[in-house]
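For reference, the chains in residue letters:
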Amino acid sequence: MDGTSLDNALHIYDRDHHIHGQTNLRQQSENGPTVMVTSGNGVRFTTSDGHTLIDGFSGLGCVSLGYHNDRLAEAAKRQMDTLPFAPTFYGRSHPKIAELAERLTSMAAVPMDRAMFQCSGSEANDSIIKFLWYRNIARGEPNRRKIISRWRGYYGNTVAAVSASGQPHMHAKFGLPLEGFLKLSTPNYYLAHKDGESEEEFSARMAKEFEELVIAEGPETIAAFFAEPMQSGGGAIRPPEGYWDSMQAVIRKYDIHFHVDEVVCGFGRTGFMWGAEAFGLKPDSTSCAKALTAAFFPMSALMIKEDFYQDMMRNSDEVGVLGHGFTYAGHPVGAAVALEALQIYKDMDLIGHVRRVSKRFLERCNALADHPLVADVRGIGLFCGFQLMADKKNRVPFEPGLKVGVRAQDAAHDLGLYLRSIPPDRISFMPPLIIEEDEIDEAVDIFKNALDSVWEEVR
Ligand SMILES: Cc1ncc(COP(=O)(O)O)c(C=O)c1O
């Protein structure tokens, strides 16, 4: 088969045999994949039709070191040659995971003592929900089971993690969320503030809503408050001034367990090692994934403190084991790749690099606020959200049928930049952390041209 026939065959195999997540199934089964990504290098990837794009979405917020890295590839090969698999069940271990558990807990935003490893952010977040229930039973509080989170939050797709997520289309037709998963407003200041309300007043109102919910449900029934420091899947929503101070005052007042999801924010995205540092959060537990291995291997981690572990131990004494775990948990290749990624971050001064280039990134992104389509721009580090509106001053959205966000995403794609549109007409822009200033200029220029062409269509 020549190259074109092979491409056509693969397109048909995918269309007829592959089930895609987060995809319209009918469109996929009629049209096949929207793109077939075949290779990548630096901040760019190439598709089967030879089109090369800057990845302004880091894959799915994960390819922190871009699409090629000899050190990570060699670390994976060395580990595959030495020990490709070893279970972590039944008290068994292997050198790389022991080293990674120590390394990761010692670098957490607030001191953490224990880490459990899985393959995905969803599994890490599902695990903490189970562990909260498990721990509360050990503490004689079996009714402390409710999880509070926010609309538009995203914690993954396993049954409990998606119940905590505030994404209605992920609940619809699945009979979800599970009972006891409660939601608060998303802190999107631009869209949700009242006329004349300052950011601080808005934040105080959000905290009041939180406190009222806790009181109505009974503080003794609340197992945890779940949050991403800056919402990612909801559309790169940076919280307004005073938000986290006000929310954490409620957390402290009612002694609520605070689980911070660092799956996207962790490892430099915000210009800090952790999103918790960027926003002054004090988590009781935390989950991370994605850039933990720079996405070269699927791996996530859940970190907890010693007192939590001590409570869990009491149940394990009674039952005989912690009845929870995944075959590939603490995979040796993942652990070797994660250790190498963390070393690369140190050697390249990742945080210094992100702080330096993000000045240019945010300056260029903020300048787009003058564009007639752009109503609001908010970002931190290499993580920025844009709200597109028909009338920015009066906060009038576009007709959903116009799909303005999707048009902007598609126009950028055609011009050589991959971005993600998230309803309602939000654009999330988060390039790989290795991006340089000239690449930022190129990417933002493309985005601006894409916005110009959509403006010509919808003005
Ligand atoms: C903030 C956040 N948490 C959790 C997850 C779930 O991670 P995974 O897709 O690895 O299960 C995601 C995925 O995008 C995420 O953005």
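Refer to the structure above for everything that follows.
Remember, it's a predicted structure, so these values are computed and weren't measured experimentally. (Residues numbered from 1 in each chain as written. Predicted model: local features only at pLDDT ≥ 70, side-chain atom pairs only at ≥ 80, totals over all residues. Heavy atoms only, no water.)

Within the open sheet, the four strands sit side by side as 1-2-3-13. Their pairing is mixed. Lying at the two open borders of the sheet, with one neighbouring strand each, are strand 1 (37-41) and strand 13 (417-418). Both strand 1 and strand 2 (residues 44-47) contribute to a ladder of four bridges, which runs antiparallel. Bridged to Asn41 within strand 2 is Arg44. (Pairing = 2+ DSSP bridges. Helix = DSSP H or I, 4+ residues; strand = E, 2+ residues; numbered from the N terminus.)

Here the focus is the environment of Arg238. Mapped onto the elements, Arg238 comes out in the loop between strand 7 (222-227) and helix 11 (243-253). A C-alpha to C-alpha distance of 17 Å links Arg238 and Ser165, two positions 73 residues apart in sequence. The contact partners of Arg238, leaving out residues within four places of it in the chain, are Pro187, Met230, Phe279, Arg378, Gly379 and Ile380. Within the structure, the side chain of Arg238 is placed 3.0 Å from the backbone oxygen of Gly379, a separation counted as a polar contact. (Contact = heavy atoms within 4.5 Å. Polar contact = N/O pair within 3.5 Å; in protein donor to acceptor, adjacent residues only side chain to side chain.)

Attention shifts here to the packing of helix 16 (residues 404-415) against helix 17 (residues 437-458). Between helix 16 and helix 17, whose axes approach to 8 Å, the crossing angle comes to 130°. Comparing the axis directions of helix 16 and helix 17 gives the class oblique. Judged by the twist between their axes, the crossing of helix 16 over helix 17 is right-handed. From helix 16, Val404, Arg407, Ala408, Ala411, Ala412 and Leu415 reach across to helix 17, where they touch Ile446, Asn449, Ala450, Leu451, Ser453, Val454, Glu457 and Val458. Across the contact of helix 16 with helix 17, the residue classes break down as 10 nonpolar, two polar and two charged. (Axes fitted to C-alpha atoms, helices over the stretch in contact; angles between N-to-C directions. Parallel < 35°, antiparallel > 145°, perpendicular 65-115°, else oblique. Left-handed = near helix turned anticlockwise from the far one by under 90°. Nonpolar A, V, L, I, M, F, W, Y, C, P; charged D, E, K, R; others polar.)

Before going further, it helps to spend a moment on the packing of aromatic side chains. On inspection of all chains with the given rule, the structure shows 19 aromatic pairs. Following the ring pairs from residue to residue traces out a cluster consisting of Phe210, Phe225, Tyr243, Trp244 and Phe258. Of note, Arg135 hangs over the ring of Phe308, and the distance from its end group to the ring centre comes to 4.5 Å. Taking NZ or CZ as reference, Lys183 lies 5.9 Å from the ring centre of Trp151, over its face. (Phe/Tyr/Trp six-rings, centres within 6.5 Å; stacked < 30°, edge-to-face > 60°. Lys NZ or Arg CZ within 6 Å of the ring centre and 35° of its normal.)

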